[in-house]
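# Coordinate analysis (summary)
The chain contents come next:
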Amino acid sequence: MKYCSLGNRSKHVTFREALLKGIAEDGTLFIPESIPRLDNEKLESFTGLSFSEIAGIILEKFLDDDFNHREIELLVKEAFNFDCKLVNIQPDVWALELFHGPTLAFKDFGARLLAQVLGRLTDSHYRNITILVATSGDTGSAVAHAFYSISGIQVVILYPSGKVSVLQEKQMASLGGNIHALRIDGNFDDCQRLVKEAFSDPELREELFLTSANSINVARWIAQTVYYAYAWSRLPERKQVIFSVPSGNFGNLSAGVLAKKMGIPVSAFAASTNVNDVVPAYLRSRVYLPRPSQSTISNAMDVGNPNNFPRLLHLYENDWNKISGEVKGFSFSDEATRQAIKTLYSDYGYLADPHSAIGWLGLRQLLYHNPGSTGVFLATAHPAKFTEVVEPVIGSSIPLPYQLEILKSKPVVSKLLSPHYNELKAFLLAC
Ligand SMILES: *Cc1c(COP(=O)(O)O)cnc(C)c1O
């Protein structure tokens, strides 16, 4: 498989090149040059295969130019070395729990596949890659854990000082080794600006091989197709399957649509958002109007201009009629989200974080429009990551999973930098 950019479909690059560049020269996102197909026989065989076996079959279609069969087997085992659970909530409602990885959010899937492929590239081609990420929380911790102690790679994470939760900071900044956490005396926008400046500094790029690990990275994107196939293969009733995806940057939902185009039989998707509803508004009105994001209790989805939306549109040939026929948009307030957490807990004994609760709310709407379907909502974060929201709503405390329990005693080792680019540059050149 070769890759091309959304802006120029005729210029092909290798997976390695797409991976290391992050974004194409024309400023648009990389996509595979074609969509690989899974035939019916393959699909039926999935019911008897493990998660990593399914992952191997799917990802080999995307990685076959760059890795051999055995390498792909090994790298998916290493990347997806944690559980993916499909939990029954109501007769026709299932939660796909994607939060059993090291940082308890679905971003572990993409970040860990990225680390495995990049780690193998440095072995053979490039020594000493520096990954630079700006984060407001979840991405930084997933990337930090995925790349920890991978040789030949330094990770530098910028986060706004005092603006991430104590646990989030510990997840990013207690590892040490090749993971360098920088607390920036500023806000998230300052962190993003500093990263941008570094990427456009020719002097720095002469010295370092810089790359990014943000959610537009093509390795993170393709990794997310696997669990749609897995969930489908595990459902007892697969005639008419629908998915609801709690969405922010729309990497996750667009990966689901990619899985469908590969052949996984999905009849509809819900694009479920908080009040940052630019995509649901587009699906209703044909008008796409990015705007500054609003803060909510499902903060990993506080996005006003989703960076993966162009991929989603592309999969529907930029045709509003096609996309709005298959993807329905729903948006929910913080109040509705809290009520959903409460109902899920009291009526079904299910503990959901705010993002997953929005997934469930969207699924209920979608089921209403598609009666008789089997519905799956993606549970994207562990409820213990959001105790300050969930505990007051359910009126009791949530036990911490071991991934968070072990963090309690770990000291934070981060360095405070001013939001001036020269300080970051000096740090990067010395690290
Ligand atoms: C990042 C994130 C999302 C949004 O995923 P996108 O791919 O950006 O749409 C949803 N829930 C959680 C917990 C996240 O961390």
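Everything below is about the structure printed above this text.
Since the structure is predicted, the reported quantities are computational estimates derived from the model, not experimental observations. (Residues numbered from 1 in each chain as written. Predicted model: local features only at pLDDT ≥ 70, side-chain atom pairs only at ≥ 80, totals over all residues. Heavy atoms only, no water.)

### A closer look at the overall build of the protein chain
For the protein chain, the count of helices and strands is 20 helices and 13 strands. For the protein chain, whose C-alpha radius of gyration is 21 Å, the value lies close to the compact-globule estimate of 22 Å for 431 residues. Overall size of the protein chain, expressed as C-alpha extent along the three principal axes, is 60 × 50 × 40 Å. A burial count over the protein chain gives 60% of its 431 residues as buried. Of the roughly 17,200 Å² of accessible surface on the protein chain, 48% is carried by carbon and sulfur atoms. The average position of the 41 basic charges and that of the 44 acidic charges among the side chains of the protein chain differ by 2 Å. (Helix = DSSP H or I, 4+ residues; strand = E, 2+ residues; numbered from the N terminus. Rg over C-alpha atoms; globule rule 2.2 N^0.38 Å. Buried < 20%, exposed > 50% of the residue type's maximum accessible area, 1.4 Å probe, protein only. Areas by Shrake-Rupley, 256 points an atom, 1.4 Å probe, with all protein chains shown as cover. Lys, Arg positive; Asp, Glu negative; His and termini not counted. Charge placed at Lys NZ, Arg CZ, Asp CG, Glu CD.)

### As for the packing of helix α16 (residues 334-348) against helix α18 (residues 387-394)
In the contact formed by α16 and α18, the axes pass within 9 Å of each other and the chain directions differ by 60°. In this view, α16 runs oblique relative to α18, as classed from their interaxial angle. Helix-helix and strand crossings are classified by hand; for α16 and α18 the assignment is right-handed. Of α18, the residues touching α16 (which contributes Arg338, Ile341, Lys342 and Tyr345) are Val389, Val390, Val393 and Ile394. Looking at the contact of α16 with α18, its residues break down into six nonpolar, no polar and two charged. (Axes fitted to C-alpha atoms, helices over the stretch in contact; angles between N-to-C directions. Parallel < 35°, antiparallel > 145°, perpendicular 65-115°, else oblique. Left-handed = near helix turned anticlockwise from the far one by under 90°. Contact = heavy atoms within 4.5 Å. Nonpolar A, V, L, I, M, F, W, Y, C, P; charged D, E, K, R; others polar.)

### Overview of the sheet that holds strand β8 (residues 209-211)
With respect to topology, five strands assemble into an open sheet ordered β8-β5-β6-β7-β13, the strand pairing being parallel. Since the sheet does not close on itself, it has two edges, and those belong to β8 and β13 (414-417), each with one partner. Adjacent strand axes in the sheet meet at a mean angle of 25°, parallel and antiparallel pairs treated alike. Note: strand β6 (residues 153-160) against strand β7 (residues 179-184), six bridges, orientation parallel. From the neighbouring strand, Tyr159 faces β7, where its bridge partner is Arg183. Together, β5 (129-134), β6 and β7 form the strand contacts of helix α6 (residues 138-147), whose direction differs from that of β6 by roughly 160°. Sitting on the sheet, helix α8 (residues 188-199) touches β5, β6, β7 and β8, and the angle it makes with β5 is about 150°. (Pairing = 2+ DSSP bridges.)

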